[in-house]
Amino acid sequence: MSKHVLITGVAGFLGSHLADALLLRGHRVTGVDNLSMGSTANIAHHFEHPGFRFHQLDILDLDALKQIAGDVQVVVHMAAFKIPRYGHRLDTLQLNTRGTEHALEVARLAGAKFVLASTSDVYGKNANIPFDEEDDSVIGPSAVGRWSYATSKMFDEHLCWGYQEKYGLACTVIRIFGSYGPRHHLSWWGGPQSVFIDLLLKDEPITIHGDGLQTRSFTYVEDTVSGFVAVVERDEANGELFNIGDDREISILGLARLLHGLMGKTGEPELQIIPYDQIAGRRYEDVRRRVPDNTKARRLLGFDPRTSLEIGLERTIAWQRQVRQGQGSLLTTF
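Throughout what follows, the structure given in this document is the object of discussion. (Residues numbered from 1 in each chain as written. Predicted model: local features only at pLDDT ≥ 70, side-chain atom pairs only at ≥ 80, totals over all residues. Heavy atoms only, no water.)

Concerning the layout of surface pockets
(1) Moving on: Approximately 420 Å³ is the volume found for the second largest pocket.
(2) Moving on: At the level of secondary structure, the elements contributing two or more residues to the lining of the second largest pocket comprise helix H1 (13-24) and helix H6 (221-233).
(3) Moving on: Among the elements that make up the lining of the second largest pocket, the one with the highest residue count is H6 (nine residues).
(4) Moving on: Taken together, the residues of the lining of the second largest pocket sort by class into nine nonpolar, five polar and eight charged. (1 Å grid on protein atoms, 1.4 Å probe; cavity = no way out; pocket = protein on both sides within 12 Å on 5 of 7 lines; lining within 4 Å. Points joined across faces, edges and corners; volume = space filled by probe spheres on them. Helix = DSSP H or I, 4+ residues; strand = E, 2+ residues; numbered from the N terminus. Nonpolar A, V, L, I, M, F, W, Y, C, P; charged D, E, K, R; others polar.)

Following this line, the structure appears as structure tokens:
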């Protein structure tokens, strides 16, 4: 059955891909974005689509959000301020928490289902690998600004459960694991793969933060979006929390070497190792390992990431080559 879905952050990486998938499946999409990090280039191909509407507005403007919500049946909240690697702690905390509360309020008034794009970052320094949805959140000290993103997202999750408890709102939380692919920012905002590919295209050393032995799981964007689509469409997802990610684990050094080979380069990649205490001149901590347990998502959503890391990275490399060759305006830095 076709649904009317409101997507916040629709002009961003994940938001635009979700709009693609939902429209393809016959749903209507109303998208909002303030374009501070997103780009209309990501959604311009839908501007003439009869089932798509776009509004340039800020999620902090609650009155404007209320006016455009209309008869939405599902709100997917993707707009967020990400890891404050270079500062921006206050922006991270305020934009994420206030923005989520505004999106929840719109869902409450419309009687809509609410889907929160959260993050695997909330597991923090928990050493229990792979992460189960019931595992504890082990966040580092508040003196380290890097943890403000995880803290804001955990608060957002509590807001969802609070709205569900008080107002009977149907809420679902998705914790994303390392989504990547075309349209990602070519900066640390977009993830290490974006930065590494760009540096390799410029024949520059690959910048590694820490010792490079920290591990991640990387999920191709089509697979990530398939999890969101299943949550939008399935009532059994209501009231649940899901990990959505590929469960293949690779070190950051391993990622650098893999990209080096996929881009046709020989020998060992040239690396620039930067200790955490030298990042932007401030104290920094990182997650040592990050891998999801997808058992619950497979059982309730039929989630099954199908794109291998090699194939996903090859597609991403091809896209970034095109960007560097002819679309310099997309080379956003942060």
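Quick notes on the environment of Arg 288
(1) Moving on: Here Arg 288 is to be found in the loop between strand E13 (271-274) and helix H8 (295-301).
(2) Moving on: Spatially, the C-alpha atoms of Arg 288 and Leu 213 are 7.9 Å apart, while their sequence positions differ by 75 residues.
(3) Moving on: Aside from chain neighbours lying at most four places away, what touches Arg 288 is Asp 211, Leu 213, Gln 214, Thr 215 and Arg 216.
(4) Moving on: At a separation of 2.8 Å, a polar atom in the side chain of Arg 288 contacts the side chain of Asp 211. (Contact = heavy atoms within 4.5 Å. Polar contact = N/O pair within 3.5 Å; in protein donor to acceptor, adjacent residues only side chain to side chain.)

So, the nonpolar core
(1) Moving on: Among the nonpolar cores identified, the biggest contains 56 residues, and Ile 7, Leu 18, Val 76, Phe 196, Phe 228 and Leu 301 are the most heavily contacted of them.
(2) Moving on: Setting aside chain neighbours within four positions, we find Val 76 in contact with Val 5, Leu 6, Ile 7, Thr 8, Leu 18, Val 115, Phe 228 and Val 232.
(3) Moving on: If you look at the next biggest cluster of nonpolar residues, it comprises 25 residues, including Leu 104, Ala 112, Cys 160 and Leu 169. (Core = buried A, V, L, I, M, F, W, Y, C linked by side-chain atoms within 4.5 Å. Buried < 20%, exposed > 50% of the residue type's maximum accessible area, 1.4 Å probe, protein only.)

Quick word on helix H4 (residues 148-167)
(1) Moving on: Spanning 20 residues, H4 covers 28 Å between terminal C-alpha atoms, matching the ideal 28 Å at 1.5 Å per step.
(2) Moving on: When H4 is considered as a whole, its buried residues turn out to be Ser 148, Tyr 149, Ala 150, Ser 152, Lys 153, Asp 156, Glu 157, Leu 159, Cys 160 and Tyr 163.
(3) Moving on: As for H4, its buried residues are in contact with helix H3 (89-110), strand E5 (113-119), strand E6 (171-176) and strand E11 (241-244).
(4) Moving on: Two residues or fewer after H4 comes Gly 168, characterised by a positive phi angle close to 75°. (Expected span 1.5 Å × (residues − 1).)

Considering helix H9 (residues 309-326)
(1) Moving on: Between the first and last C-alpha of H9 there are 26 Å, a value that for 18 residues agrees with the 26 Å anticipated at 1.5 Å per step.
(2) Moving on: Buried within H9 we find Leu 309, Gly 312, Leu 313, Thr 316, Ile 317, Trp 319, Gln 320 and Val 323.
(3) Moving on: Where the residues of H9 are buried, they touch strand E7 (179-180), helix H5 (192-201), strand E10 (219-220), strand E12 (250-251) and helix H7 (252-262).

What about the pattern of salt bridges?
(1) Moving on: Applying the stated criterion across every chain yields a total of 21 salt bridges.
(2) Moving on: In this structure, Lys 265 engages Asp 203 in a salt bridge whose closest nitrogen and oxygen atoms are separated by 2.8 Å. Within this pair, whereas Lys 265 is found in the loop between H7 and E13, its partner Asp 203 is found in the loop between H5 and strand E8 (206-209), the two being separated by 62 residues in sequence.
(3) Moving on: Overall, the relative accessible area of 60% leaves Asp 203 in the exposed class.
(4) Moving on: For Arg 298, the salt bridge identified is with Asp 247, shortest N-O distance 3.6 Å. With a gap of 51 residues between them, Arg 298 in helix H8 and Asp 247 in the loop between E11 and E12 connect regions that are remote in the sequence.
(5) Moving on: On the basis of relative accessible area, Arg 298 is assigned to the partly exposed category, the value being 37%.
(6) Moving on: In this structure Asp 247 comes out as partly exposed when scored by relative accessible area, which is 38%. (Salt bridge = Lys/Arg side-chain N within 4 Å of Asp/Glu carboxyl O.)

With respect to the sheet that holds strand E1 (residues 4-8)
(1) Moving on: If you trace the seven strands from one edge of the open sheet to the other, you get E3-E2-E1-E4-E5-E6-E11, paired in parallel fashion. Of all the strands in the sheet, the pair left with one neighbour each is strand E3 (52-56) and E11. Recorded for the sheet is a direction-independent mean angle of 20° between the axes of neighbouring strands.
(2) Moving on: Note: E1 against strand E2 (residues 28-33), five bridges, orientation parallel. (Pairing = 2+ DSSP bridges. Axes fitted to C-alpha atoms, helices over the stretch in contact; angles between N-to-C directions.)

A closer look at the environment of Thr 307
(1) Moving on: Mapped onto the elements, Thr 307 comes out in the loop between H8 and H9.
(2) Moving on: For the pair Thr 307 and His 260, spaced 47 residues apart in sequence, the C-alpha separation works out to 19 Å.
(3) Moving on: Those residues in contact with Thr 307, other than ones at most four positions away along the chain, are Tyr 220, Asp 223, Asp 246, Gly 312 and Arg 315.

Points about the packing of aromatic side chains
(1) Moving on: One pass over the full model with this rule turns up nine aromatic pairs.
(2) Moving on: Aromatic side chains Phe 47 and Phe 54 sit 6.3 Å apart centroid to centroid with 25° between the ring planes, which places their arrangement in the stacked category.
(3) Moving on: Judged by its relative accessible area of 22%, Phe 54 falls in the partly exposed class.
(4) Moving on: Arranged with centres 5.1 Å apart and planes meeting at 50°, the rings of Tyr 163 and Tyr 167 form a pair that is tilted. On the criterion of helical spacing, the pair formed by Tyr 163 and Tyr 167 is a turn pair, its members being four residues apart in helix H4.
(5) Moving on: According to the relative accessible area criterion, Tyr 163 is buried, its value standing at 9%. (Phe/Tyr/Trp six-rings, centres within 6.5 Å; stacked < 30°, edge-to-face > 60°.)

Some thoughts on the packing of H1 against H6
(1) Moving on: Packing of H1 against H6 leaves a shortest axis separation of 9 Å and a crossing angle of 60°. As the angle between them shows, H1 and H6 are arranged oblique. Both H1 and H6 take part in a crossing whose hand is right-handed. On H6, the residues touching Phe 13, Leu 14, His 17, Leu 18, Ala 21 and Leu 22 of H1 are Val 221, Thr 224, Val 225, Phe 228, Val 229 and Val 232.
(2) Moving on: Across the contact of H1 with H6, the residue classes break down as 10 nonpolar, two polar and no charged. (Parallel < 35°, antiparallel > 145°, perpendicular 65-115°, else oblique. Left-handed = near helix turned anticlockwise from the far one by under 90°.)

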